[in-house]
Each structure stands twice: as C-alpha cells, then as structure tokens.
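Structural characterization, general
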Amino acid sequence: AVQVLKAAGVRNGIINAGGDLYVLGAAQPIHARHPLDSSLFFSLGSLSNRAVASSSGFYADSLVDPRIGRCIPWRCGVTVAAPSAMIADALTKAAQ
C-alpha cells in the first residue's frame, strides 16, 4: 500500500493494516491502547515513514510453549516500531 500511494504522488498519510499502522510523510503522534483498559492510552511519540504494531496475550492464550506443545497464558503487551508494518508485526511476535 505504501508503494502504491507513493507512486500515485501521495506524500502524507496513515495506512491502517488491521491495526498495524504505517505513517507516510509528515510525523504523526502515535498512541497505544492499554490491553486491559481500553480507556487508557500511552503516548509513543511521533512517527514518520515508519510502522508500528502491537500485540498482546491478554485475551487469548496465543503463545505456544514448544517444550509442552500447547498454548500458555501470556499476560503482557508489546509495541514495536520498524521500517515496515510487516517487520513491526513480526517483531511483536518475536518479543512475545
């Protein structure tokens, strides 16, 4: 999506890819929602020409322990900024 917009001459925008964001051009303030209380937000600063992705295990047992071969509770949240949404999303999984 970023390459298509750039090719079309778009210089500024925010691309939402299922909750992962890419900020194209001018810096934009970025906030993350608290995974347990959706009324709470945390400022993450500003991003320009970068992506941000968040992941948490608060609502699902999404982390597999390879030693036992099943999902285990993971009660943390991770937010990562990276050059692309694909990299940011992948890094949130690695950080889990």
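Shown above is the structure to which this text applies.
**Considering the layout of surface pockets**
- Counted as a void, the largest pocket has a volume near 460 Å³.
- In terms of lining residues, the largest pocket is bounded by 25 residues, among which Ala32, Arg33, Ser54, Ser55 and Thr79 are the most central.
- Breaking the lining of the largest pocket down by element, the ones donating at least two residues are strand 2 (20-24), strand 3 (28-33), strand 4 (41-47), strand 5 (50-56) and strand 8 (77-82).
- When the residues that make up the lining of the largest pocket are grouped by side-chain class, the tally is 12 nonpolar, 10 polar and 3 charged.

**Details of the sheet that holds strand 8**
- Overall, antiparallel pairing links the 4 strands, which are arranged 1-2-5-8 in an open sheet. Edge positions in the sheet fall to strand 1 (13-17) and strand 8, since each of these pairs with one other strand and no more. Between one strand axis and the next, the sheet turns by 15° as a mean value, whatever way the strands run.

What counts, and where the lines are drawn
Residues numbered from 1 in each chain as written. Predicted model: local features only at pLDDT ≥ 70, side-chain atom pairs only at ≥ 80, totals over all residues. Heavy atoms only, no water. 1 Å grid on protein atoms, 1.4 Å probe; cavity = no way out; pocket = protein on both sides within 12 Å on 5 of 7 lines; lining within 4 Å. Points joined across faces, edges and corners; volume = space filled by probe spheres on them. Helix = DSSP H or I, 4+ residues; strand = E, 2+ residues; numbered from the N terminus. Nonpolar A, V, L, I, M, F, W, Y, C, P; charged D, E, K, R; others polar. Pairing = 2+ DSSP bridges. Axes fitted to C-alpha atoms, helices over the stretch in contact; angles between N-to-C directions.

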